[in-house]
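Here are the chains, one letter per residue:
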Amino acid sequence: IDTRKKGDVAKGHIAGSLHIENGKTFSTWAGSLVDYQQQLILITDEAHTEDLTRKLMRIGMDNIYGFVTDLNKMNMVLEKSDLVSIEELKKHLDKKDVQVIDVRTESEYNNGHIKGVENIVLTSLENNLDKISKNKPVIVHCQSGVRAAMAYSILKRNGVKNLKTYSGGINEWEEKKNELVK
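Since the structure is predicted, the reported quantities are computational estimates derived from the model, not experimental observations.

> I'm lost on the overall build of the chain in this one. Help?
Across its full length, the chain carries 7 helices and 6 strands. When the elements of the chain are put in sequence order from the N terminus, they spell out α-α-β-α-β-α-β-α-β-β-α-β-α. Its C-alpha radius of gyration of 17 Å places the chain within 12% of the 16 Å reference for a compact globule of 182 residues. Oriented by its inertia axes, the alpha-carbon framework of the chain measures out at about 45 × 35 × 30 Å. Contacts spanning at least 24 positions in sequence make up 66% of the contacts within the chain whose residues lie at least 6 apart. Per element, the accessible surface of the chain, about 10,000 Å² overall, is 46% carbon and sulfur.

> Can you walk me through the nonpolar core in this structure?
Side chains that are nonpolar tend, in soluble globular proteins, to be buried together. Formed by 30 residues in total, the largest nonpolar core has its most connected members in Ile20, Leu33, Leu122, Leu125, Ile132 and Val140. Looking at this core, the elements with two or more residues in it are α2 (26–33), β1 (40–43), α3 (49–58), β5 (138–141) and α6 (146–157). If we skip the residues at most four places from it in the chain, Leu122 touches Trp29, Leu33, Val103, Arg147, Met150, Ala151 and Ile154. Listed in part, the 12 residues of the second largest apolar core include Leu89, Leu93, Val100 and Tyr166.

> Can you walk me through the packing of α2 against α3 in this structure?
Helix packing for two helices is described by the angle between their axes and how far apart those axes are. It is at 9 Å that the axes of α2 and α3 come closest, and there the two elements cross at 55°. Judged by the angle between their axes, α2 and α3 are oblique. As for how α2 packs across α3, the hand of that crossing is right-handed. Judged by residue contacts, Phe26, Ser27 and Ala30 of α2 engage Leu52, Lys55 and Leu56 from α3. For the contact of α2 with α3, the residue count by class is 4 nonpolar, 1 polar and 1 charged.

> Sorry, what's going on with α6 here?
Side chains that are three or four residues apart share a direction in an α-helix, a result of its 3.6 residues per turn. With 12 residues, α6 should cover 16 Å at 1.5 Å per step; its first-to-last C-alpha distance of 17 Å lies within 8% of that length. Burial runs high along α6: 9 of the 12 residues are buried. Turning to α6, its buried residues are Arg147, Ala148, Ala149, Met150, Ala151, Tyr152, Ser153, Ile154 and Leu155. Buried-residue contacts for α6 involve α1 (6–11), α2, α5 (106–111), β5 and β6 (163–165). Of the residues trailing α6, Gly159 is marked for its positive phi of about 90°.

> Which parts of the structure should I look at to understand the sheet that holds β6?
For sheets, the rule is that strands pair by backbone hydrogen bonds, running either parallel or antiparallel. Taken together, the 4 strands give an open sheet; going across it, the order is β4-β3-β5-β6, and neighbouring strands pair in parallel fashion. Each having just a single partner strand, β4 (118–119) and β6 make up the two edges of the open sheet. Of the strand pairs in this sheet, strand β3 (residues 99–102) and β4 are connected by 2 bridges, and their pairing is parallel. For Asp102, the partnering residue across the bridge sits in β4 and is Asn119. Packed onto the sheet, α6 meets β5 and β6 and runs at close to 170° relative to β6.

> It is not clear to me how the packing of aromatic side chains should be interpreted in this structure. Could you clarify?
Between two aromatic rings, the relevant description is the distance of the centres plus the angle of the planes. Inspection of every chain in the model, using the stated rule, returns 0 aromatic pairs. Between Lys90 and the ring centre of Trp173, over which it is positioned, the NZ or CZ distance is 5.7 Å.

> Please clarify how the pairing of strand β2 (residues 64–68) should be interpreted in this entry.
Within a regular strand, the side chains alternate between the two sheet faces. By the bridge criterion, 4 bridges tie β1 to β2 in an arrangement that is parallel. Along β2, the bridge assignment pairs Leu40 with Ile64. Crossover connection from β1 via α3 to parallel β2: handedness right-handed.

What counts and how
Throughout this description, residue numbers start from 1 for each chain and increase along the sequence as written. Per-residue local features of the predicted model are confined to residues with pLDDT of at least 70, and side-chain atom pairs are confined, for both listing and counting, to 80 or more; whole-chain, interface and lining totals are unaffected and use all residues. Values shown for side chains rest on all heavy atoms present in the structure; no hydrogens or waters enter the calculation. Helix numbering and strand numbering both begin at the N terminus, where a helix is a DSSP run of H or I of at least 4 residues and a strand a DSSP run of E of at least 2. Computation of the radius of gyration draws on C-alpha atoms, with the globule rule given as 2.2 Å multiplied by the number of residues to the power 0.38. Only heavy atoms matter for contacts: two residues are in contact if any of them lie within 4.5 Å across the pair. Areas reported as accessible are Shrake-Rupley estimates using a 1.4 Å probe. Residue values count occlusion only from the protein chains shown. In this description, a nonpolar core means a group of buried Ala, Val, Leu, Ile, Met, Phe, Trp, Tyr and Cys residues linked to one another through side-chain atoms lying within 4.5 Å. Only protein chains enter the calculation, and the probe is 1.4 Å; a residue is then buried if its accessible area is under 20% of its type maximum, exposed if over 50%, and partly exposed in between. Here the axes come from fitting lines to C-alpha atoms, over the contacting stretch only for helices, and the angles between their N-to-C directions go from 0 to 180 degrees. Should an angle fall under 35 degrees it is called roughly parallel, over 145 degrees roughly antiparallel, and 65 to 115 degrees roughly perpendicular, with every other angle called oblique. Two helices crossing with the near one rotated counterclockwise from the far one by less than a right angle form a left-handed crossing, whereas a clockwise rotation gives a right-handed crossing. Just so you know the grouping, Ala, Val, Leu, Ile, Met, Phe, Trp, Tyr, Cys and Pro go in nonpolar, Asp, Glu, Lys and Arg go in charged, and all remaining residues, Gly too, go in polar. In a helix, the anticipated span is given by 1.5 Å times the number of residues less one. Note on pairing: DSSP must find at least two bridges between two strands before they are called paired. Paired rings are identified among Phe, Tyr and Trp, the last through its six-membered ring, by centres lying within 6.5 Å, and are further divided according to the angle between planes into stacked (under 30 degrees), edge-to-face (over 60) and tilted (the rest). Note on criteria: charge over ring means Lys NZ or Arg CZ within 6 Å of the ring centre, with the direction from the centre no more than 35 degrees off the ring normal. Looking down the strands as they point away from you, a crossover is right-handed if its path from the first strand over the helix to the second goes clockwise.

By themselves these figures say nothing about function.
Below you can see the structure in the form of structure tokens.
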């Protein structure tokens, strides 16, 4: 589990790692997305190892196998996330050449979403892989980009190749005075 900030993970991460950013909701997301029986290796700064251990142990996840506190010492090629800007996203809306997925909750989606974008909630993403296009590019987004980064890591781990993230999310979409539909 890569617990670093989404921007750092986008610049370079271990292929196949699951991204769950360390923060107030870390243990909630870990409990929702990770198998409790799985051994865990956490990618984090040295200063966060104790905090993360405590957060996981509080929810009954005690299979922490170890920590990676310096990816540069791993001697492996890191993958970069493919990010798209708001302008790039707009080019694909209302066209059939790209699948755009909003990974927010159903109630968030119903309260306002980008026209033409489908909703597959982050916590159900792995159970809905059959709904993800294998033939065209896929762009994921959420409210602020944090859940989209998690979705990106889940989809990559499950073999989705032509994948991008709009990390500005609904927050940026609204800040730039773009329309949401209900």
